[in-house]
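Results of the structural survey
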Amino acid sequence: MSEKWEIGLGAPKLVVHIKKHSGLVWQFRWAAGNYPPGSELYLLVGAGPAPTRWPFTIQEDLATLTVKQPVAVAIPDRTPVYLMFKANPAAEPDCLAAGAVKAWK
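A brief look at the structure comes next. (Residues numbered from 1 in each chain as written. Predicted model: local features only at pLDDT ≥ 70, side-chain atom pairs only at ≥ 80, totals over all residues. Heavy atoms only, no water.)

Further remarks concern the overall build of the chain. Helices and strands together make up the secondary structure of the chain, namely one helix and eight strands. Taken from N to C terminus, the helices and strands of the chain fall in the order β-β-β-β-β-β-α-β-β. Relative to its 105 residues, the chain shows a buried fraction of 30%. Looking at the chain alone, contacts between residues at least 24 apart form 62% of all its contacts between residues at least 6 apart. Here the chain displays about 6,900 Å² of accessible surface, and carbon together with sulfur accounts for 55% of that area. (Helix = DSSP H or I, 4+ residues; strand = E, 2+ residues; numbered from the N terminus. Buried < 20%, exposed > 50% of the residue type's maximum accessible area, 1.4 Å probe, protein only. Contact = heavy atoms within 4.5 Å. Areas by Shrake-Rupley, 256 points an atom, 1.4 Å probe, with all protein chains shown as cover.)

Written out as structure tokens, the structure reads:
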């Protein structure tokens, strides 16, 4: 089953699964070709005034997030998480999905 996300339709529910002995790797492909020049995709992890920002590396049509095991497993279960996108450096960020971390033992 493929889920299509579109900016502007509200944030779908997001669950970030983190296993005790592994890190986190996510990849998103831009269906319309390459990501726009200067665009950003990132996860905001945590609540309050200073959430942790995990940026994706964007190369052409592929955005990749890699979080090493010690950093990933330090995030507590049920920590809020938001998938964010900025179309260019001057744009306001859009929340593509919102949810929480599910920490597995």
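After presenting the structure, the write-up continues.
In this section: the sheet that holds strand S3 (residues 40–45). The sheet built from five strands is open, its strands ordered S1-S8-S7-S3-S4 with mixed pairing. Strands with a single pairing partner mark the edges of an open sheet, and in this sheet they are strand S1 (13–19) and strand S4 (52–55). The mean inter-strand angle of the sheet, taken between neighbouring strand axes irrespective of direction, is 30°. (Pairing = 2+ DSSP bridges. Axes fitted to C-alpha atoms, helices over the stretch in contact; angles between N-to-C directions.)

In most cases, non-glycine residues show a negative phi, while peptide bonds are predominantly trans. Positive phi values are uncommon outside glycine, yet Glu60 reaches one of about 60°. Tracing the backbone through its elements, the reader meets Glu60 in the loop between strand S5 (57–59) and strand S6 (62–67). On the accessibility criterion, Glu60 (58% relative accessible area) is exposed. Of note in this structure, Arg78 is not a glycine but carries a positive phi near 70°. Among the secondary structure elements, Arg78 is positioned in the loop between helix H1 (69–73) and strand S7 (80–86).

Within this structure, the stated rule accounts for four aromatic pairs. Plain terms: the ring middles of Trp26 and Phe28 are 5.7 Å apart, the flat faces sit at 85° to each other, and that makes the pair edge-to-face. Residue classification places Trp26 among the buried residues on the basis of a relative accessible area of 18%. Taking NZ or CZ as reference, Arg53 lies 3.6 Å from the ring centre of Tyr42, over its face. (Phe/Tyr/Trp six-rings, centres within 6.5 Å; stacked < 30°, edge-to-face > 60°. Lys NZ or Arg CZ within 6 Å of the ring centre and 35° of its normal.)

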